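# Structure assessment
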Amino acid sequence: MTAKTRKRLAGTAGVAVGLASVIAGTRVLLGVSQPAYTVIPLLVIYNVVMGAIALVAGAGLWASHAWAAKLACGIALCHFAVLGLLLLARVMGESVAAESVGAMIFRSAAWTAIALIVGKAEQRPTRHEPASNSARDQL
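Remember, it's a predicted structure, so these values are computed and weren't measured experimentally.

## A few points about helix α1 (residues 3–29)
End to end, α1 covers 38 Å across 27 residues, agreeing with the expected 39 Å (1.5 Å per residue, within 8%). Here α1 has its buried residues at Ala-3, Arg-6, Lys-7, Ala-10, Gly-11, Gly-14, Val-17, Gly-18, Ser-21, Val-22 and Gly-25. Count one or two residues on from α1 and you reach Gly-31, which has phi positive near 80°.

## Remarks on the packing of α1 against helix α2 (residues 41–62)
One way to put it is that α1 packs onto α2 with a least axis distance of 7 Å and a crossing angle of 155°. Classified by the interaxial angle, the pair formed by α1 and α2 is roughly antiparallel. Crossing hand, α1 versus α2: left-handed.

## Considerations on the nonpolar core
Leu-61, Leu-86, Met-104, Trp-111 and Ile-114 are the most contacted members of the largest nonpolar core, which totals 25 residues. The set of elements that each furnish at least two residues to this core consists of α1, α2, α3 (66–91) and α4 (98–123). Setting aside residues up to four positions removed in sequence, Leu-61 forms contacts with Lys-7, Arg-8, Ala-10, Gly-11, Ala-68, Ala-69, Ala-72, Ile-114 and Val-118.

Parameters at a glance
- Residues numbered from 1 in each chain as written.
- Predicted model: local features only at pLDDT ≥ 70, side-chain atom pairs only at ≥ 80, totals over all residues.
- Heavy atoms only, no water.
- Helix = DSSP H or I, 4+ residues; strand = E, 2+ residues; numbered from the N terminus.
- Expected span 1.5 Å × (residues − 1).
- Buried < 20%, exposed > 50% of the residue type's maximum accessible area, 1.4 Å probe, protein only.
- Axes fitted to C-alpha atoms, helices over the stretch in contact; angles between N-to-C directions.
- Parallel < 35°, antiparallel > 145°, perpendicular 65-115°, else oblique.
- Left-handed = near helix turned anticlockwise from the far one by under 90°.
- Core = buried A, V, L, I, M, F, W, Y, C linked by side-chain atoms within 4.5 Å.
- Contact = heavy atoms within 4.5 Å.

Printed below as a string of structure tokens:
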């Protein structure tokens, strides 16, 4: 599989995860959907904002923009940080729905996988690209 194909697959996955977050979160914020569990409004806003950022990252990955790989890593790190806060809140006795924790575990894992796929794509030269552009590495 070429680096371009890997980036396009990662970009497609990123857009799918981002779009799902934007749609689900917006439905809750607008009152169209009312989950049967405790909703943390700030978490829903976070998910919608990060979903929009994920759409940008996914499109950037599809187009093989270098900044998109860094953004994918940043998204994964943000999700892990929020997951940590959710778990800490649960341990401290706050009402945090298992669905919220599960969704954040999914987002964290998905964006970690996306970042790893893109990282691997950037490390592996394709058949059409030289292994290195540096004159020092050519020696």
